[in-house]
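Structural features, examined
Here's the letter readout for the chains.
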Amino acid sequence: MGQGKSQFSEEELQDYQDLTYFTKKEVLYAHQKFKSLAPEKVGHNKNAKLPLSKVLMYPELGVNPFGERICKVFSSGHDGDCTFEDFLDMMSVFSDGAPKAVKAEHAFRIFDFDGDDMLGVSDLRQVVERLIGSNELSENEMLHLIQNILEEADLDDDGALSFAEFEHIIDKSSDFSSAFRIRL
């Protein structure tokens, strides 16, 4: 691979290619990016786990208002700390090659802050606050906005969005896949 021997066997690279939306070359590039976050820790330990603070040093995650939440959703320990496999999974889902349905499933999990498999009022509030800032809307404006979202998307009128309702919104969004993307 140009700069010495890869830390991965050909079989491991094939497995990563089979389990992601990446080629073997992209897997190696993803590992190079992961390693650059903490070369002293990853070095020759391909199983190293980086703390959330290091993972958030990846530029696209650091500036993303959902960066910490994204890391927690993809972290095998759900604490934001990531192994290379967690990082690879994250980057794969956010890649151009990932299908819209896979992106929608993960977006739903990212927005489901309380983990109840529904996007309720508190989840929607957190999404809006992360997108526009927590003090940009008055309480009445915030409640009105959330009410409008639910009126538009809550098809069964239960006061929350199920995954099916969320997916219905995503299906109508022509730019979702290109917006739900992080470049390697």
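Residues numbered from 1 in each chain as written. Predicted model: local features only at pLDDT ≥ 70, side-chain atom pairs only at ≥ 80, totals over all residues. Heavy atoms only, no water.

Our next topic: the overall build of the protein chain. A tally of helices and strands in the protein chain yields 12 helices and two strands. Each helix and strand of the protein chain, placed in order from N terminus to C terminus, yields the pattern α-α-α-β-α-α-α-β-α-α-α-α-α-α. Here the C-alpha coordinates of the protein chain stretch approximately 60 × 30 × 25 Å along the principal axes. Long-range contacts, defined as pairs at least 24 residues apart, comprise 54% of the intrachain contacts of the protein chain with a sequence gap of at least 6. (Helix = DSSP H or I, 4+ residues; strand = E, 2+ residues; numbered from the N terminus. Contact = heavy atoms within 4.5 Å.)

Attention now moves to the packing of helix H2 (residues 24-37) against helix H7 (residues 84-93). Put simply, H2 and H7 touch, their axes get as near as 10 Å, and they point 120 degrees apart. By the angle class used here, H2 and H7 are oblique. The crossing of H2 and H7 is right-handed. Across the interface between the two elements, Val27, Ala30, His31, Lys33, Phe34 and Leu37 from H2 touch Phe84, Phe87 and Leu88 from H7. Its residues placed into classes, the contact of H2 with H7 shows seven nonpolar, one polar and one charged. (Axes fitted to C-alpha atoms, helices over the stretch in contact; angles between N-to-C directions. Parallel < 35°, antiparallel > 145°, perpendicular 65-115°, else oblique. Left-handed = near helix turned anticlockwise from the far one by under 90°. Nonpolar A, V, L, I, M, F, W, Y, C, P; charged D, E, K, R; others polar.)

Moving on to the side chain of Asp123. Inspection of the secondary structure puts Asp123 in helix H9 (residues 121-132). Within the buried core, Asp123 has no salt-bridge partner, and the shortest N-O distance to an opposite charge, that of Arg69, equals 6.9 Å. When neighbours within four sequence positions are excluded, Asp123 is seen to be in contact with Phe111, Asp112, Phe113, Asp114, Asp116 and Met118. (Buried < 20%, exposed > 50% of the residue type's maximum accessible area, 1.4 Å probe, protein only. Lys, Arg positive; Asp, Glu negative; His and termini not counted. Salt bridge = Lys/Arg side-chain N within 4 Å of Asp/Glu carboxyl O.)

Grouped together as the largest cluster of nonpolar side chains are 51 residues, with contacts concentrated most on Phe84, Met90 and Ile110. If sequence neighbours within four positions are ignored, Phe84 has contacts with Phe8, Tyr16, Val27, Ala30, His31, Phe34, Lys46 and Ala48. (Core = buried A, V, L, I, M, F, W, Y, C linked by side-chain atoms within 4.5 Å.)

This part is about the UniProt feature "domain: EF-hand" (unreviewed entry) in the protein chain. As annotated by UniProt and renumbered to match this structure, "domain: EF-hand" (unreviewed entry) occupies residues 99-134 and 141-176. When the span residues 141-176 is considered, its composition is 67% helix and 0% strand, and the gap between its end C-alpha atoms is 25 Å. (UniProt positions renumbered as here; feature names shortened; annotations may be inferred.)

We now examine helix H11 (residues 163-172). Turning to H11, its buried residues are Glu165, Phe166 and Ile170. Within H11, the buried residues cover an arc of 145 degrees as seen down the axis, which keeps them to one side. Facing away from the buried side of H11 by more than 90 degrees, the exposed set consists of Ala164, Asp171 and Lys172. Turning to H11, the residues buried within the fold contact helix H8 (100-111), helix H10 (139-153) and helix H12 (176-179). (Arc of directions from axis to C-beta.)

Okay, the side chain of Ser75 next. For Ser75, the position within the fold is in the loop between helix H6 (67-74) and strand E2 (82-83). With sequence-adjacent residues up to four places away left out, Ser75 is seen in contact with Gly80, Asp81, Cys82 and Asp86.

Tallied over the entire structure, the rule returns six salt bridges. As a salt-bridge pair, Glu68 and Lys72 come within 3.2 Å of each other at their nearest N and O atoms. Linking Glu68 with Lys72, this pair stays in helix H6, spanning four residues, or about one helical turn. With relative accessibility at 29%, the residue Lys72 sits in the partly exposed group. The shortest N-O distance in the salt bridge between Glu139 and Arg125 comes to 2.7 Å. Taken together, the residues Glu139 in helix H10 and Arg125 in helix H9 connect sequence positions 14 residues apart.

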